Amino acid sequence: MDHLIGIGGVGMSALAQALVCAGRAVSGADRTLGTPALRRLEGQGVRVFPADGSGVTAATTRVVVSTAIEETNPGLVRARELGVPVVHRAVALAELLSGRKLVAVCGTCGKSSVTAMLGHVLAACGFDPAVVDGAAVVGWNGAVRWGKGEWAVAEVDESDKSLTAFKPYAAIVTNASADHYSEAEMNAVFDAFVKDVPGPVVDARGERYDAADFDAQNRSLAKRMAVALGADPAAVDAALETFPGVERRLQRVGECAGAAVYDDYAHNPEKLRALLGALKRRHPKGVAIAWRPHGYGPLRKMMAALAAVFREALGPGDRLALLPVVVAVSYEITRFVGRHNNWFTRILTWPGMWLQNFTTNEPDDSMLEVAIRALELVMPEEKGKDEW
C-alpha cells in the first residue's frame, strides 16, 4: 500500500491516479477533505484519511511526500516510527514511468498545457501514451491518461528542482523566468536537466512570443516534439484542433450577472500578464479579478513584479480583490502573515485602482465564503453587460 501525504495537491493527486491505473493499492492523507480531486480518487478506490497520521500503519509499504511536507507532519512522523520507507513524489513517479520512453515537459510557464497537448496529439496519432500532467485535463477525469504504448509524457517540476529524479528520452523546455528562483538559476536548472537527454529536445527559451500568443506557442512546442517522435504533421494539426483544454487555464466556467466567469491558475508575473492581456482583449469594458497569491515565499520574492503586472494591465474600469494567500507549509503563517499582506496591498494601490483586500478575513471564514464575498464586490453593478 502506497500512502501519499498531501494527496489532495495537484501533483500528488495525479501521482495517486497514475498509481491506481498501474494497479497499485493507494491511500493518502490531506488537511482538507472532500474536495473534487479527493472525491474522484475515492471513486477510484483510494482511501483518504485526515492529516493525523492514522493512515500510516504497519501494512503501509511506502510513504510518498512532496517538498511541501514538513518533518513534523503526523503521517511522516508515524512512518519514521514504524520504519516505513519514505520517498519523494518525483522519485515515485520516475520509477512508475521507468519502463517507458519518457518525454519530460518542464518550464516556468505552459508546461501543464503542453503536456496535455502532446499527450492528446500522440494518442490521436496512435502512440497510446501514458500521460501524467500537473493539472486536470478536460475529458480525462483527472490529470492522467493511462495508455498502454511504449511512450510516456509527464510534467516535471522545477519549483523544488525535483525534475532531476527523471531520466527522460526527450524533453521540452517551454521557457524560463523568475518564479521560485531567479531567472538565472532557473536557466541553470534547465541547462543541467537537458544536457544528457539522448533524444530530441525542444527548447523554446530563446524564442520570443507576444504574451497574447501563449496558446500558439504551446501548440507549436507540442507539434514540434510530436513530429520529432515520428508523428505525421498533418495528423498532428488535426489532433490539435480537437484538443479539449486544461482545467483552470483560461477556463470559462459560466456567467454571473451577465458577465463571463473564468477560472485560471495564473500565479506568477508571466502567467498573469498573459492571462490579463487575453481577458482585456476579450472583454474591453472591464475585468474583475479575484486573485489568490500562491504562497508567502513566492509572494515575497515576486511582490514588486506582480504589482507591476497588475499596474500595467488593469485600468480605472477594472477591479481587483486580493484573497488570502495560499499557505503551502505551516511555518509560512507565523513568518510572513500580516507583514507581506500589508506590503503587497500598499504597492498595489494607486490612483483610480479599485482594490479590496480579503487577507485579514476572520479565522472561521471558509475560503468559499471569502471568495463569494469577493465576487459579490468585484462583479459589475449593472446587469446584463456581456462585455465584462
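Residues numbered from 1 in each chain as written. Predicted model: local features only at pLDDT ≥ 70, side-chain atom pairs only at ≥ 80, totals over all residues. Heavy atoms only, no water.

### Observations regarding helix H6 (residues 183-194)
- A rise of 1.5 Å per residue sets the reference length of H6, with its twelve residues, at 16 Å; its end C-alpha atoms lie 17 Å apart and thus fit the reference within 8%.
- Taken as a whole, H6 has its buried residues at Met-186, Val-189, Phe-190, Phe-193 and Val-194. Looking down the long axis of H6, one finds its buried residues gathered within 120° of arc, a one-sided arrangement.
- Where the residues of H6 are buried, they touch strand S6 (101-106), strand S10 (170-173) and strand S11 (201-203). (Helix = DSSP H or I, 4+ residues; strand = E, 2+ residues; numbered from the N terminus. Expected span 1.5 Å × (residues − 1). Buried < 20%, exposed > 50% of the residue type's maximum accessible area, 1.4 Å probe, protein only. Arc of directions from axis to C-beta. Contact = heavy atoms within 4.5 Å.)

### Regarding the confidence of the model for the protein
- Chain-level pLDDT for the protein is 83 on average; 81% of the residues reach the 70-or-more range.
- Helix H11 (residues 331-336) is the least confidently modelled element of the protein, averaging 46 in pLDDT, while strand S1 (residues 2-5) averages 98, the highest of any element.
- Throughout residues 330-338 the model reports pLDDT below 50, and contacts reaching past four residues in sequence, or to other chains, amount to 13 contacts.
- When the criterion is pLDDT under 50, residues 381-388 qualifies, and its contacts beyond four places in sequence or with other chains add up to 27 contacts. (pLDDT = per-residue confidence, 0-100.)

### Some remarks on helix H1 (residues 10-21)
- With twelve residues, H1 should reach 16 Å at 1.5 Å per residue; the first-to-last C-alpha distance of 17 Å fits that figure.
- Most of H1 sits inside the fold, with nine of its twelve residues counted as buried.
- When H1 is considered as a whole, its buried residues turn out to be Gly-11, Met-12, Ser-13, Ala-14, Leu-15, Ala-16, Gln-17, Ala-18 and Leu-19.
- Just beyond H1, the residue with positive phi is Gly-23, at close to 90°.

### Notes on the sheet that holds S6
- Sheet architecture is open: six strands sit in the order S8-S7-S9-S6-S10-S11, paired in mixed fashion. Lying at the two open borders of the sheet, with one neighbouring strand each, are strand S8 (142-146) and S11. The mean angle between the axes of side-by-side strands here comes to 15°, regardless of whether they run parallel or antiparallel.
- The pairing of S6 with strand S9 (residues 151-155) spans five bridges and is classified as parallel. Following the sheet pairing, Leu-102 is matched in S9 by Ala-152.
- Sitting on the sheet, helix H7 (residues 214-228) touches S6, S10 and S11, and the angle it makes with S10 is about 165°. (Pairing = 2+ DSSP bridges. Axes fitted to C-alpha atoms, helices over the stretch in contact; angles between N-to-C directions.)

### Some details on the packing of helix H5 (residues 111-124) against H7
- H7 packs onto H5 with a crossing angle of 45° between their chain directions and a minimal axis gap of 9 Å. If you check the angle between H5 and H7, you find them oblique. Pair H5 / H7 crosses with right-handed handedness. Contact residues: Ser-113, Val-114, Met-117, Leu-118, Val-121 and Leu-122 in H5; Asp-215, Asn-218, Arg-219, Leu-221, Ala-222, Met-225 and Ala-226 in H7.
- Classifying every residue of the contact of H5 with H7 gives nine nonpolar, two polar and two charged. (Parallel < 35°, antiparallel > 145°, perpendicular 65-115°, else oblique. Left-handed = near helix turned anticlockwise from the far one by under 90°. Nonpolar A, V, L, I, M, F, W, Y, C, P; charged D, E, K, R; others polar.)

### Some thoughts on the side chain of Ser-13
- In this fold, Ser-13 is placed in helix H1.
- Setting aside its immediate chain neighbours within four residues, Ser-13 contacts Ile-7, Gly-8 and Leu-41.

### Describing the sheet that holds strand S3 (residues 47-50)
- Taken together, five strands build an open sheet; the order of strands is S3-S2-S1-S4-S5 and the sheet is parallel. Two strands close off the open sheet at either side, each with one partner strand: S3 and strand S5 (86-88). Direction aside, the axes of adjacent strands within the sheet are offset by 25° on average.
- Examined bridge by bridge, strand S4 (residues 62-65) and S5 share three bridges and lie parallel to one another. Its bridge partner lying in S5, Val-65 is registered against His-88.
- Helix H3 (residues 74-82) rests against S1, S4 and S5 of the sheet, and its axis sits at about 135° to S5.
- Strands S4 and S5 of the sheet are contacted by helix H4 (residues 89-96), whose axis makes an angle of about 80° with S5.

### Brief notes about the packing of H7 against helix H8 (residues 233-241)
- Two elements in contact, H7 and H8, have axes whose closest approach is 10 Å; the angle formed by their N-to-C orientations is 145°. Helix-helix and strand crossings are classified by hand; for H7 and H8 the assignment is right-handed. Across the interface between the two elements, Arg-219, Lys-223, Ala-226 and Val-227 from H7 touch Pro-233, Val-236, Asp-237, Leu-240 and Glu-241 from H8.
- Looking at side-chain class alone, the contact of H7 with H8 contains five nonpolar, no polar and four charged residues.

### Points about the nonpolar core
- Counting residues in each nonpolar core, the largest one holds 41 residues, and the members touching the most others are Leu-4, Ile-7, Leu-15, Phe-166, Phe-190 and Phe-193.
- The biggest single contributor to this core is H1, with six residues.
- Leave out the neighbours within four places in its chain, and Phe-166 touches Ala-90, Leu-93, Ala-94, Leu-102, Val-156 and Phe-193.
- If you look at the next biggest cluster of nonpolar residues, it comprises 30 residues, including Leu-122, Val-153, Leu-229 and Ala-239. (Core = buried A, V, L, I, M, F, W, Y, C linked by side-chain atoms within 4.5 Å.)

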